[in-house]
Each structure stands twice: as structure tokens, then as C-alpha cells.
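# Remarks on the overall topology
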Amino acid sequence: MGWSQVSYHYDGSFAGFLCCVFEAYLHKEAPACFLGPEDGRLSLWPERQISTDEAHAKRVYRSLDRSLGAQGRRLVVYGFLTCLPEREMALWAFLRLGYERGPGVVRDLTDDRVSTLNKAVQHLTGEAHLLKGFVRFSEQEGLLIGEIEPKNRVLPLLRPHFCTRYSGESFVLYDRTHGEALFYRPHRWAIVPLAEFRLNGPAQEEQEYRRLWRRFYDTISIAERYNPKCRMTHMPKRYWGTMTEFQREQEGLPP
């Protein structure tokens, strides 16, 4: 007898997703879709609300190492942070396959269920790597403040890098796309959702530092070697909106 199809409503968290997996195996249900709190889609399947239970989530999380190995667990954890369309369905398909075949499943890139998730995770880690060099912090009222507009939820991957690099500072790194921010002060950090994030205009001293940075950026450039296509290959244009060296018009500063 096949598993019945059900539409799961959950809180949108990773722990909540793991609880969906727990309930699916417990009741022999095949999720037809996963709906988060802000998902307005209508479902044609029977709907069930899944509450987040820490014990159930931990039980499923421990099973990832046992059944999928460290690499498989990484794909699931990182996969949940990606911008992959219908990511929960992709993760569910990979989990079903992994629980059947074991840790070796991660090497079968000929299977779409594996390759799709693997490519999404590569995109996530690649974006996080680029942002380690593209993030620009500004000093405001004793805090270092930066903003990013990533496609993926990269803050968990950026946290170890910036918390180590600026271990003696206090800073905020805001993700405009997903409405969440990394807050750090020495020895303490948190990633929290923010409904709204507004910055005051830069103080005079901060404006001077920005001018100095732009002057350095412009001075080291070589006009004869200007190659916009190559530039956008190494520094994609979609990141420019949060980078200091491209913000002179917004601030009304002289070039």
C-alpha cells in the first residue's frame, strides 16, 4: 500500500522541516508540498499542521549521520539554506533516496535528486565565499554595520569568518533578501529575523573614510586595462548595491 499524499504546513525553520520528515515516516505520508508561514499557495491535498518538536527534530538530525554520513548530512543542512525552488521537496527526495541507499548516495551525481541538491549547495558556498570579500562595514555609533543582498541564506556560513576576523569588535550584518541579521559582540552572537532595518546616514568621519577608500580604489585602477566584462566576472554586478566604492551617487558625494 502506497504512502498517502499530504500537504504539510510548518514554521519554516530547519527544525520544523526535520519534524515534517519525522511525521512523514511515522504516519507513512508522502509530502506533496511544504508550506511555510508566509506561503499563500492553496493545496489540493489534505493539509496537516506540523508543530516543531525539539526531540523529534534531534532524532531525525542524528539519523542523518547514521544513514547518510557526514557529507550527506552537510548536503541536507546546507541545502536548507539555498534558494533552490521547492527546496523542501528536493531535500525530501534526497532523504528518501539516502535512507534507502546509505552514505554512498552522495557520489551518485547521475541521479537528479543528488545532482540538483549538490549544485544548489555549490551555489550557496560559492556565494558565501564571494561575500567574504565583498562585504563592506561602516562605523556608526560605535558599531560596525554592513548589509548584503544574497540569493541564498548565507549568514550561517559567513558567521564563523566574520566573528573570528572581528572578534574584538561589535557588528551587525543585515541580509536584506531574507530579513535577518547577524549580531555579534565579543564572545556572543545571534542570527535573528528583523522585520525592518534602517540605517542612519554616515557621520562626517565615516564619510571621510569612505572617500579615502574610493580614492584608493580609483587610484589603483589602470584605465588602459579597463575590462567591464572581466570586472563583472570577478565582481558580479548584483553585489555592487551594498559596496561602498559604488555608492557615491546615493550619498551625494563628489566622485
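Residues numbered from 1 in each chain as written. Predicted model: local features only at pLDDT ≥ 70, side-chain atom pairs only at ≥ 80, totals over all residues. Heavy atoms only, no water.

## Considering the overall build of the protein
A count of helices and strands for the protein gives eight helices and eight strands. Viewed in the frame of its principal axes, the protein has a C-alpha envelope of about 70 × 40 × 35 Å. Out of the 255 residues in the protein, the part that is buried amounts to 42%. Accessible area for the protein stands at about 14,900 Å²; split by element, carbon and sulfur atoms hold 53% of it. (Helix = DSSP H or I, 4+ residues; strand = E, 2+ residues; numbered from the N terminus. Buried < 20%, exposed > 50% of the residue type's maximum accessible area, 1.4 Å probe, protein only. Areas by Shrake-Rupley, 256 points an atom, 1.4 Å probe, with all protein chains shown as cover.)

## Focus on the sheet that holds strand E5 (residues 143-148)
What the five strands build is an open sheet, ordered E4-E5-E6-E7-E8; its pairing is mixed. Looking at the sheet topology across the chains shown, the edges are occupied by strand E4 (138-140) and strand E8 (188-193). The mean angle between the axes of side-by-side strands here comes to 25°, regardless of whether they run parallel or antiparallel. Note: E4 against E5, three bridges, orientation antiparallel. Bridged to Glu-139 within E5 is Leu-144. (Pairing = 2+ DSSP bridges. Axes fitted to C-alpha atoms, helices over the stretch in contact; angles between N-to-C directions.)

## Looking at the side chain of Glu-88
Relative to the elements of secondary structure, Glu-88 occurs in helix H3 (residues 87-101). Setting aside residues no more than four positions away along its own chain, Glu-88 makes contact with Tyr-10, Phe-17, Phe-34 and Phe-80. (Contact = heavy atoms within 4.5 Å.)

## Section: the pairing of strand E2 (residues 29-35)
Remark: a regular strand shows side chains that alternate across the two faces of the sheet. The element E2 is extensively covered by neighbouring structure, given that seven of its seven residues are classed as buried. As paired strands, strand E1 (residues 4-9) and E2 are joined by six bridges and run parallel to one another. Across the sheet, Gln-5 pairs through a bridge with Ala-30, a residue of E2. With respect to chirality, the unit in which E1 leads through helix H1 (residues 14-27) into the neighbouring parallel E2 is right-handed. (Right-handed = clockwise from strand over helix to strand, strands pointing away.)

## Digging into the layout of surface pockets
In this approach a probe as big as a water molecule rolls over the atoms, and the regions it shows empty are the leftover space. Space inside the largest pocket adds up to approximately 790 Å³. In terms of lining, the largest pocket is formed by 25 residues, of which the most central are Gly-12, Glu-38, Arg-87, Arg-153 and His-178. Of the residues assigned to the lining of the largest pocket, the class counts are 10 nonpolar, six polar and nine charged. No fewer than three residues from each of domain 1 (4-126) and domain 2 (135-200) sit in the lining of the largest pocket. Size it by volume and the second largest pocket reaches roughly 320 Å³. Lining the second largest pocket, in full, are Tyr-217, Asp-218, Ile-220, Ser-221, Ile-222, Ala-223, Arg-225, Tyr-226, Asn-227, Cys-230 and Arg-231. Of all the elements in the fold, those that place two or more residues in the lining of the second largest pocket are helix H6 (204-219) and helix H7 (228-234). Tallied by class, residues from the lining of the second largest pocket come to six nonpolar, two polar and three charged. (1 Å grid on protein atoms, 1.4 Å probe; cavity = no way out; pocket = protein on both sides within 12 Å on 5 of 7 lines; lining within 4 Å. Points joined across faces, edges and corners; volume = space filled by probe spheres on them. Nonpolar A, V, L, I, M, F, W, Y, C, P; charged D, E, K, R; others polar. Domains from an automatic or database assignment.)

## Concerning the sheet that holds E2
Strand order across the open sheet formed by three strands is E2-E1-E3, with parallel pairing between neighbours. The open sheet has two edge strands, E2 and strand E3 (47-49), and neither has a second partner. Sheet twist, expressed as the mean angle between neighbouring strand axes with direction ignored, is 35°. Against the sheet, H1 engages E1, E2 and E3, with an angle of about 155° to E2.

## Some points on the domain arrangement of the protein
What the domain assignment reports for the protein is domain 1 (4-126), domain 2 (135-200) and domain 3 (205-255). Taking only C-alpha atoms into account, the centre of domain 1 sits 27 Å from that of domain 2. The interface is formed by eight residues belonging to domain 1 together with six residues belonging to domain 2. At the surface where domain 1 touches domain 2, the tally comes to zero salt bridges. Viewed at the interface, domain 2 and domain 1 are joined by three residue pairs in polar contact (both at pLDDT 80 or more). Residue composition of the side of domain 1 that touches domain 2, by class: five nonpolar, three polar and no charged. (Salt bridge = Lys/Arg side-chain N within 4 Å of Asp/Glu carboxyl O. Polar contact = N/O pair within 3.5 Å; in protein donor to acceptor, adjacent residues only side chain to side chain.)

## Considering the pattern of salt bridges
Across all of its chains, the model carries 15 salt bridges by this definition. Between Lys-58 and Glu-54 there is a salt bridge, and its shortest N-O distance comes to 3.1 Å. Taken together, the residues Lys-58 and Glu-54, both in helix H2 (residues 54-79) and four residues apart, mark about one turn of the helix. For Glu-208, the salt bridge identified is with Arg-211, shortest N-O distance 3.0 Å. Note that Glu-208 and Arg-211 are positioned in helix H6 at a spacing of three residues, about one turn of the helix. One connected set of salt bridges, linked through shared partners, spans Arg-101, Asp-108, Asp-111 and Arg-113.

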